[in-house]
Amino acid sequence: MRRKFSGFSGLRHRFRPTFVVWITVMWLMLMGELSLANLLGGLVVAVAVVLLLPLPAMPVGTLDISWGKLAKFFFDWFVNLIRGSIRVGWLALRPAAPPKHAIVEVPMRVNSELVLTLAVMLYNLQPGGAVTDIDIANRMLTVHLLDADTPADLDREITSLKDMERRLIAIFERSPA
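Please read these numbers as outputs of a predicted model, since none were measured by experiment.

Considering a nonpolar patch on the surface
Taken together, the side chains of Val-21, Trp-22, Val-25, Met-26 and Met-29 define a hydrophobic patch exposed on the protein surface, amounting to about 520 Å² of accessible area. Looking at the element boundaries, Met-26 is found in helix H2 (residues 17-31).

Printed below as a string of structure tokens:
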């Protein structure tokens, strides 16, 4: 049996107008000037990127987002960002020896790879620690901790990561009511 050439039948699945608008806006910001030439150039670049470099669909079908908890989480995360910046700044400037650091493995209980990615990204943006390895199959993170002078410091950092995990599960992976 001979298959007919379907041509550009997958084109409608690739073309995402929201991405075209977003990329065009980013192009205009990069150019620093709003002009017809920059707008048209941005549209050409955006359409080329969307059609020639398609991204897979986001696996959001199983997510049930609690928007109120998400807003509170991001407010608390921003407060912790400021606190962490001050703490790391003090560790760098204080008249003492550099703090001991540690590398620990922390299991994660999230079900969604999207939520795991979000957790890693948010943790890496916070000063004082960084995820150095991700074992997706076993949901295990290897984390470098900057301030691990005492077991209490280590426990504080691990508890902070586990708290973030607990809150992300409550926001994104809660059972539908």
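Focus on the side chain of Asp-153
Residue position: Asp-153 is located in helix H6 (residues 151-172). Judged by its relative accessible area of 13%, Asp-153 falls in the buried class. Within the structure, Asp-153 has its side chain in polar contact with the side chain of Arg-156 (distance 3.1 Å). Every residue in contact with Asp-153, bar those within four places of it in the chain, is listed here: Asp-147 and Ala-148.

What about H2?
Its 15 residues place the ends of H2 21 Å apart at the C-alpha level, agreeing with the 21 Å of an ideal helix rising 1.5 Å per residue. Every buried residue of H2 is listed here: Val-20, Thr-24 and Leu-28. Relative to the axis of H2, the buried residues are bounded by an arc of 70° and lie together on one face. Counted as exposed and oriented over 90 degrees from the buried face of H2: Thr-18, Trp-22, Met-29 and Leu-30. Where H2 terminates, the next one or two residues include Gly-32, which has phi positive at roughly 75°.

Structural notes on the sheet that holds strand S2 (residues 129-135)
Sheet architecture is open: three strands sit in the order S1-S3-S2, paired in antiparallel fashion. Since the sheet does not close on itself, it has two edges, and those belong to strand S1 (102-107) and S2, each with one partner. Strand-to-strand twist in this sheet, taken as the mean axis angle between neighbours without regard to direction, amounts to 25°. The pairing of S1 with strand S3 (residues 140-145) spans six bridges and is antiparallel. From the neighbouring strand, Pro-107 faces S3, where its bridge partner is Met-140.

A few points about the UniProt feature "transmembrane region" (unreviewed entry) in the chain
Taken from the UniProt record, the annotation "transmembrane region" (unreviewed entry) applies to residues 20-53. Between the end C-alpha atoms of residues 20-53 there is a gap of 12 Å, over a span that is 85% helix and 0% strand.

Scoring rules and cut-offs
Residues numbered from 1 in each chain as written. Predicted model: local features only at pLDDT ≥ 70, side-chain atom pairs only at ≥ 80, totals over all residues. Heavy atoms only, no water. Patch = residues over 30% accessible without salt bridge, like charges linked within 9 Å, V, L, I, M, F, W, Y side chains within 5 Å. Areas by Shrake-Rupley, 256 points an atom, 1.4 Å probe, with all protein chains shown as cover. Salt bridge = Lys/Arg side-chain N within 4 Å of Asp/Glu carboxyl O. Helix = DSSP H or I, 4+ residues; strand = E, 2+ residues; numbered from the N terminus. Buried < 20%, exposed > 50% of the residue type's maximum accessible area, 1.4 Å probe, protein only. Polar contact = N/O pair within 3.5 Å; in protein donor to acceptor, adjacent residues only side chain to side chain. Contact = heavy atoms within 4.5 Å. Expected span 1.5 Å × (residues − 1). Arc of directions from axis to C-beta. Pairing = 2+ DSSP bridges. Axes fitted to C-alpha atoms, helices over the stretch in contact; angles between N-to-C directions. UniProt positions renumbered as here; feature names shortened; annotations may be inferred.

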